[in-house]
2 protein chains.
Amino acid sequence: MKIGFIGLGVMGAPMARNLAAAGHEIVTSLNRSALPEGLAATVVPDPREVARASEIVITMLPDTPDVGRVLLGDNGVVGGLSAGALVIDMSSISPIATADFARAVREKAAGYLDAPVSGGEVGARAASLTIMVGGPASEFERALPIFEALGKNITLVGENNGAGQICKIANQIVVALNIEAVAEALVFASKAGCDPATVRKALLGGFAASRVLEVHGQRMIERTFAPGFRVRLHQKDLGLALESARALGVALPNTATVQELLNACAARGAGDADHAALVQALEVLANHPVAETRGVA
Amino acid sequence: MKIGFIGLGVMGAPMARNLAAAGHEIVTSLNRSALPEGLAATVVPDPREVARASEIVITMLPDTPDVGRVLLGDNGVVGGLSAGALVIDMSSISPIATADFARAVREKAAGYLDAPVSGGEVGARAASLTIMVGGPASEFERALPIFEALGKNITLVGENNGAGQICKIANQIVVALNIEAVAEALVFASKAGCDPATVRKALLGGFAASRVLEVHGQRMIERTFAPGFRVRLHQKDLGLALESARALGVALPNTATVQELLNACAARGAGDADHAALVQALEVLANHPVAETRGVA
């Protein structure tokens, strides 16, 4: 199938490669960069031409304004859509703006799915992304073979556009708050003189067990803060959470606190570190690094 | 072995039964109640007599002042200890007071382990408790056969008394904050119109996965708030966390917020509900019950 793919960055490039490997023909417009290594694709001048040349257009862009510009801007995707086309936005962006984008696409008698992912660059390369989808079931069915070339845990969250983005935000809330929970526990235990590695291991046996305790807890202890998922990106995602929550009328007290702690991390120069570096904000507040008690037990 | 067991409540009674089943002779003093059903034990007048009649004394009591009274009060355990005896406090209490209790016991040339548990009544009955121990390795080795009759995941957290209590507090911090994280995510997604059961399932596939998302997330969706572990007890444990953190010089911002949300739950009459009922505090703030969108997808 001819698939338009706009946004060949850290995530988009391996995703497009996986689609090409599955036999699809990739059409793209390049913004400033060259085609990523190992990807054969037809290059056209702008997003409108991508839409004209494709049955399905995928966008994988950094943030809400980028998707707005690519879809609705001058020479944007919407200007080139034929009736029956399908736009799949796999970026992680505002669910509120998503509803507007979907409306504009549907005015051209085309379909729209929001389908943000989690699993990072590793998941993108391994075609093991978690994909959370919002939109009509018929459009989801049509896109399913594409999703299956990109990921493993694929869920139609709801038939309203934005449901995928909402689910992704819920995911980012839990991950961020679980990281902060582990950080509070390890800084506390470490300053009390306990070996954080022993505490982590003991906690993994019970109700405190989580993927975050396993992976990010280990990062906090080993001080391996190379990303992974960057503080800066989690700031963006919690920004979406807090903005959407305000619009919806939902109070998210701990999401707000964690966003402020991420802001503190970024302020101290860790914006491009892995989000497990959140522990550093609590270490500064406690005037105590977790690593200090490593191996005391 | 002759084991003194003081505190035959919801947790203590099945633990004492498991020790009797392992061939130990149980000695106890009854406070106000009769011997629990199915437990054969020698009953003596007070904790001092329990200590006089036992090689090892286990305490399993509700809170710090109870342990203080039983160990150091009139006719308390310390008054009856012989040199070489061992006191094992399996209550969840203050790590600071624990250091004082250990000092008083050691003045009688007896040993002291703090060994709080997690796993609740179910774990106590099934002899599958997680046991987190603080104290000298030699005393831990001596107590190990007893721990093995009571639990499965047994860790010597540190050789200083209080390390077990610190680890238990770290556990309770993570569990409480993970519950609150899941509650924020589900209330948010639900008020945005998503089916919380679908969101929970999608999140279980990625980095948001946790025992709390699995178990307590399900309770929030199914509205099954029969305990389980009570709001009231988690309030006590986070009280220990915040009090110890202040003494140690550690800031626990989200533990503080979650304690306030638990206070709100208790204020609204849910003090004896399962701690998953924490979601109700966020539902009240959002003016939206999670259950409302059940099955909308």
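Residues numbered from 1 in each chain as written. Chains lettered and ligands numbered in written order. Predicted model: local features only at pLDDT ≥ 70, side-chain atom pairs only at ≥ 80, totals over all residues. Heavy atoms only, no water.

Where we set the bar: UniProt positions are given in the numbering used here, feature names are shortened, and annotations may be inferred rather than shown by experiment.
In the annotation of an unreviewed UniProt entry, the entry for chain A reads 2-hydroxy-3-oxopropionate reductase, and the organism field reads Pseudochelatococcus lubricantis. According to the UniProt record, the Sequence similarities (unreviewed entry) comment for chain A reads "Belongs to the HIBADH-related family."

1. What about the environment of A:Leu81?
Residue and element names in this part refer to chain A. Let me state the cut-off plainly: Numbering of helices and strands starts at the N terminus; helices are DSSP runs of H or I of at least 4 residues and strands are runs of E of at least 2. It only takes one pair of heavy atoms within 4.5 Å for two residues to be counted as in contact.
Residue placement: Leu81 occurs in the loop between α3 (64-72) and β5 (86-89). Put simply, Leu81 and Ala291 are 210 residues apart on the chain and 55 Å apart in space, counted from C-alpha to C-alpha. Not counting chain neighbours up to four residues away, the residues in contact with Leu81 comprise Ala51, Val87, Val105, Lys108 and Ala110.

2. Focus: the relation of the copies chain B and chain A
Let me state the cut-off plainly: Each copy is superposed on the other by least squares, with the fit set by C-alpha atoms of residues at a pLDDT of at least 70 in both.
Least-squares fitting of chain B to chain A yields an RMSD of 0.0 Å, with the transformation described by 0.0 Å of translation along the axis and a rotation of 180°. The transformation just described matches what one would write down for a two-fold rotation axis. Closest to the rotation axis within chain B is the C-alpha of B:Ser210, separated from it by 2.0 Å. The overlap is high: 100% of the interface residues of chain B also sit at the interface in chain A, so the same surface is used on both sides.

3. Here's the deal with the interface of chain B and chain A
Heads up, the rule is: Take the accessible area each of two parts loses on contact, using a 1.4 Å probe, and add the two losses: that sum is the buried area. Here, a salt bridge means any side-chain nitrogen of Lys or Arg that lies within 4 Å of a carboxyl oxygen of Asp or Glu. Residues adjacent in sequence count toward polar contacts only when both atoms are side-chain atoms; beyond that, a polar contact is any pair of N or O atoms within 3.5 Å, and within protein one must be able to donate a hydrogen and the other to accept it.
Taken together, the 62 residues of chain B in the interface contact 62 residues of chain A. Regarding the contact of chain B and chain A, the summed buried area is about 5,000 Å², with carbon and sulfur atoms giving 70% of it. For the interface between chain B and chain A, the tally reads zero salt bridges. Here chain B is connected to chain A by 15 residue pairs in polar contact (both at pLDDT 80 or more). When contributions to the side of chain B that touches chain A are tallied by element, the ones reaching two or more residues are β8 (129-134), β9 (151-158), α8 (163-191), α9 (196-203), α10 (211-222), α11 (231-248), α12 (253-270) and α13 (279-286) of chain B. The element contributing the most residues to the side of chain B that touches chain A is α8(B), with 20 residues.

4. With respect to unusual backbone geometry
Filter applied, for reference: Working definition: with a 1.4 Å probe on protein chains only, accessible area under 20% of the residue-type maximum means buried, over 50% means exposed, and in between means partly exposed.
With an omega of 10°, the peptide bond running from A:Pro227 to A:Gly228 counts as cis. Here A:Gly228 shows up in the loop between α9 (211-222) and α10 (231-248). Backbone geometry places B:Asn75, a non-glycine residue, at a positive phi of 55°. Note that B:Asn75 resides in the loop between α3 (64-72) and α4 (77-80). Judged by its relative accessible area of 34%, B:Asn75 is partly exposed.

5. Quick word on the environment of B:Gly38
Relative to the helices and strands, B:Gly38 resides in the loop between β2 (25-28) and β3 (42-43). Taking relative accessible area as the criterion, B:Gly38 reaches 73% and is therefore assigned exposed.

6. Things to note about the pattern of salt bridges
Two side chains carrying opposite charge are able to pair once their charged atoms lie near each other. Per the counting criterion, the structure on display carries 20 salt bridges over all chains. Note that A:Arg106 and A:Glu139 form a salt bridge whose closest N and O atoms lie 2.9 Å from each other. Note that A:Arg106 is positioned in helix α4 (residues 95-106) and A:Glu139 in helix α6 (residues 137-150), a separation of 33 residues in sequence. A residue is classified by how much of its surface remains accessible, and A:Arg106, at 31% relative accessible area, is partly exposed. You can call A:Glu139 buried: its relative accessible area is 13%. Across the salt bridge formed by B:Glu49 and B:Arg52, the nearest N and O atoms sit 2.9 Å from each other. Of this pair, B:Glu49 and B:Arg52 are both found in helix α2 (residues 47-53), three residues apart, which corresponds to roughly one turn of the helix. Owing to a relative accessible area of 23%, B:Glu49 belongs among the partly exposed residues under this scheme. Judged by relative accessible area, which is 49%, B:Arg52 ranks as partly exposed. It is possible to trace a salt-bridge network through shared partners that takes in A:Arg230, A:Arg232 and A:Asp272.

7. Here we look at the side chain of A:Asp274
Residues and elements named next belong to chain A. On the secondary structure map, Asp274 appears in the loop between α11 (253-270) and α12 (279-286). By relative accessible area, which is 2% here, Asp274 ends up buried. Polar side-chain contacts of Asp274 include one of 3.0 Å to the backbone nitrogen of Phe229. What Asp274 contacts, discounting residues up to four positions off in sequence, is His216, Arg219, Phe225, Ala226, Pro227, Gly228, Phe229 and Val231.

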